[in-house]
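An overview of the molecular structure
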Amino acid sequence: MDIIKFLDGFTNESLLNEKPSRRDMFGTLGSLGKKAVLSAIPFGLATMPNKTFAQDSGSDPVSALQLALTLEYLEGEFYDLALQSGVLPSGRPETVYMQISKHEQAHVDFLIAGLEGAGVTPVEKPTFDFTAGGAFDPFNDNGVGQETAYAQLLALAQAFEDTGVRAYKGQAGNLLGSDFLTPALQIHAVEAMHASEVRRLRGLKGWITNNERGAGMPEATQAVYNGEENVTQGGVDVTTLGNGAAFSMEASTEAYDEALSGDDAVAIASLFIVSE
Amino acid sequence: MRKSIVKVEPVKKATNRRQFLKLGGMGVVGAGLLVACSNDDNGMGMMPDPNPNSDIFDLGQGDLGVLNYAYALEQLEADFYTKVVNSFYANISDEEMQVLTDLYYHEVNHRDFFKTAITAAVDGNTDLVLPTLEFDYGDLDFNNREQVLTTASVLEDTGVAAYNGAGRLISNPGYLLLAGKIVSVEARHASAIRTLLNPGSADFAGDDYVTTDTGLAAALDPSVVLSAVGDTGFIQTPFTANNLP
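This one's a predicted model, so the numbers in the text were calculated from it and none came from an experiment.

As a further point, take the overall build of chain B. The number of helices and strands found in chain B is six helices and two strands. Reading chain B from its N end, one meets helices and strands in the order α-β-α-α-α-α-α-β. Across the 245 residues that make up chain B, the buried fraction comes to 54%. At a minimum sequence separation of 6, the contacts of chain B that also span at least 24 residues come to 76%.

What follows is the structure, given as structure tokens:
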């Protein structure tokens, strides 16, 4: 089966044409007193205006961990449903999803234990909609067919893992000086190992070139990759450090993953969260 | 300085050290790297040359120490992949050639970035910048696929664990972010190499490296990493890490 060819057919116009429903995301975060009236924006529209849509998602360690937990809930339920769906071919895909699923569930448990250990009530698991309002059918619940469903399962996994890497990175600074920094970095690395494998399962490189979402990824996922084209690291344009292919735009962008702000991570996750 | 915000369950140490030492079984002869570490964890801020009267470079403490430490590891990775791509093992597949070539590009980029960043951080005082290291791979056979990929895997796994363990030693948020930008790429590398070694398996984030109960990748202190690196004998230029834990 040629997955890439398939995915090309599924670049989802209907998703972009859907009326962007603004969903109030972290009702649960709100219950913690965080100022988190956050709106959902389709992936593809999230690039520019989201700063004006979303309020500060918080910059303290607890907010960072609650955001992490929400993303882990999302990933955990996604892989759980994927494994139950019957869509995944046996062999490598199933082996990979089982290993990732095990980790995401462990992350959920770990973060809940950590928050509770600190005397904080963990956010509750949101209600997820992995069809994103009917744009996808990754578990073949609505009869899109095994092959298309599988292509969507892979594409969503890539988007979730690459988002997770960027989101954890974006929260590291908020955990500076906290005992949770090291475990957060340890989870961050695991998400990157997942992302690499899922990307390669889809026939891509394990790393992100420029701001390319990669062949077959729906245009709606572009917000996951915007900003990855950055070449200025610590004030240095790394393409100027030397000559040769190691300092090309491609290599220079692949060699550094970029962070995602809490707001941007929330905007992406919100597409799959049903408002209360 | 560090506040306890959240209680963390004890983290199982992964088996990197053993993996690193396993290289010895492949006929890599140790060649006496002089790496010593103290358990001091109280270094903050940058100091003048920590060893003004010594010919042996010390990485330093605090952020400078961590940057020099990362620079040492990136020098090793960059040098290793330079040798790999300059004489690929026989019958290498297109996929393996692409992966190893990309890793070479990335690590060279990281190495040169650290040199520039550290030099800037110490206002050009090159006495505080880790010098260019020399390497020797002993009996490592660069024409042997398994030896090359296994060594690459150990280097990538160790690099990830090193960055994970060093994050808490960084006080400048900008440096922490930079380390984060690099470590996830190293983790992507580690995953890719692991799959090349055992295709179709769960090794891309295997139970030997990620704790099964908490889903955490390895994190190791500099002393553990440098001791393991020292045991390989790859690094010929002696240096110390007396001010890192």
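When you go through chain A residue by residue, the secondary structure sums to ten helices and two strands. Counting helices and strands in the order they occur from the N terminus, chain A gives α-α-α-α-α-α-α-α-β-β-α-α. Per-residue burial over chain A gives 54% buried out of 276 residues. Restricting the contact set of chain A to residue pairs at least 6 apart, pairs at least 24 apart contribute 70%.

For the rest of this paragraph, the subject is the nonpolar core. Ranked by size, the top nonpolar core spans 150 residues in total, and within it Leu67 and Ala179 of chain B carry the most contacts. Per element, the largest residue contribution to this core is 14 residues, and it comes from helix α7 (residues 146–172) of chain A. For Leu67 of chain B, the residues in contact, after removing those within four places along its chain, are Phe114, Ala117, Ile118, Ala121 and Tyr175 of chain B.

Here the focus is the interface of chain A and chain B. Taken together, the contact pairs 61 residues of chain A with 54 residues of chain B. Among the secondary structure elements, those contributing two or more residues to the side of chain A that touches chain B are α5 (61–84), α6 (92–117), α7, α8 (181–201) and α9 (249–254) of chain A. Of the residues belonging to the side of chain A that touches chain B, the class tally is 31 nonpolar, 20 polar and ten charged.

Attention now goes to the environment of Asp203 of chain B. All names here are of chain B. Inspection of the secondary structure assignment puts Asp203 in the loop between α5 (173–197) and α6 (222–232). Counting along the chain gives 13 residues from Asp203 to Ala190, while the straight-line C-alpha distance between them is 9.9 Å. Here Asp203 is in contact with Arg194, Thr195, Leu197 and Asn198, once residues within four sequence places are set aside.

In this section: α8 of chain A. Between its terminal C-alpha atoms α8 of chain A stretches 30 Å, which fits the 30 Å expected from 21 residues at 1.5 Å a residue. When you tally the buried positions in α8 of chain A, you get 19 out of 21 residues, the bulk of the element.

This part takes up the confidence of the model for chain B. Residue and element names in this part refer to chain B. Per-residue confidence for chain B gives a mean pLDDT of 84, with 78% of residues at or over 70. The low-confidence segment residues 1–47 (pLDDT under 50) makes 121 contacts with residues lying over four places distant or belonging to another chain. Among the scores for the predicted complex, ipTM is 0.83 and pTM is 0.82.

Most of helix α10 (residues 262–270) of chain A sits out of view: nine of its nine residues are buried. Buried within α10 of chain A we find Gly262, Asp263, Asp264, Ala265, Val266, Ala267, Ile268, Ala269 and Ser270 of chain A.

Considering the arrangement of structural elements, one finds Val210 of chain B in the loop between α5 and α6. On the neighbour-count criterion, Val210 of chain B (26 C-beta atoms within 10 Å) is buried. If we skip the residues at most four places from it in the chain, Val210 of chain B touches His103 and Val190 of chain A together with Ala205, Gly215, Leu216 and Ala217 of chain B.

Leave glycine aside and you will find that most residues have negative phi; peptide bonds, for their part, are mostly trans. All names here are of chain A. Of note, the phi angle at Asn210 is positive, near 50°, even though the residue is not glycine. Considering the arrangement of structural elements, one finds Asn210 in the loop between α8 and β1 (232–233). Its 14 C-beta neighbours within 10 Å are what place Asn210 among the partly exposed residues.

Let's shift gears to the confidence of the model for chain A. Confidence in the prediction for chain A averages 83 pLDDT; 79% of positions are at 70 or higher. Across residues 1–56 of chain A the pLDDT falls below 50, and counting only partners more than four positions away or on other chains, this stretch makes 118 contacts in the model.

Moving on, we come to the packing of α8 of chain A against α5 of chain B. Close contact between α8 of chain A and α5 of chain B brings their axes to 8 Å; oriented N to C, the two are set at 50°. For the element pair α8 of chain A / α5 of chain B, the angle class is oblique. Of the two possible hands of crossing, α8 of chain A and α5 of chain B adopt the one that is right-handed. Packed against α8 of chain A, whose contacting residues are Leu185, His188, Ala189, Ala192, Met193, Ala195, Ser196, Glu197 and Arg200 of chain A, the element α5 of chain B presents Gly180, Val183, Ser184, Ala187, Arg188, Ala190, Ser191, Ala192 and Thr195 of chain B at the interface. Taken together, the residues of the contact of α8 of chain A with α5 of chain B break down into nine nonpolar, six polar and three charged.

This part takes up the environment of Phe136 of chain A. Residue and element names in this part refer to chain A. Within the element layout of this structure, Phe136 appears in the loop between α6 and α7. Looking at Phe136, the number of C-beta atoms within 10 Å reads 27, which means it is buried. Separated by 16 residues in sequence, Phe136 and Gln152 have C-alpha atoms that sit 6.9 Å apart. Ignoring any residue separated from it by four or fewer positions in sequence, one finds Phe136 in contact with Phe130, Thr131, Gln152 and Leu156.

Here is what the cut-offs are and how they apply
Residues numbered from 1 in each chain as written. Chains lettered and ligands numbered in written order. Predicted model: local features only at pLDDT ≥ 70, side-chain atom pairs only at ≥ 80, totals over all residues. Helix = DSSP H or I, 4+ residues; strand = E, 2+ residues; numbered from the N terminus. Buried ≥ 20, exposed ≤ 12 C-beta atoms within 10 Å, placed from the backbone. Contact = placed C-beta atoms within 7 Å. Core = buried A, V, L, I, M, F, W, Y, C linked by C-beta atoms within 7 Å. Nonpolar A, V, L, I, M, F, W, Y, C, P; charged D, E, K, R; others polar. Expected span 1.5 Å × (residues − 1). pLDDT = per-residue confidence, 0-100. Axes fitted to C-alpha atoms, helices over the stretch in contact; angles between N-to-C directions. Parallel < 35°, antiparallel > 145°, perpendicular 65-115°, else oblique. Left-handed = near helix turned anticlockwise from the far one by under 90°.

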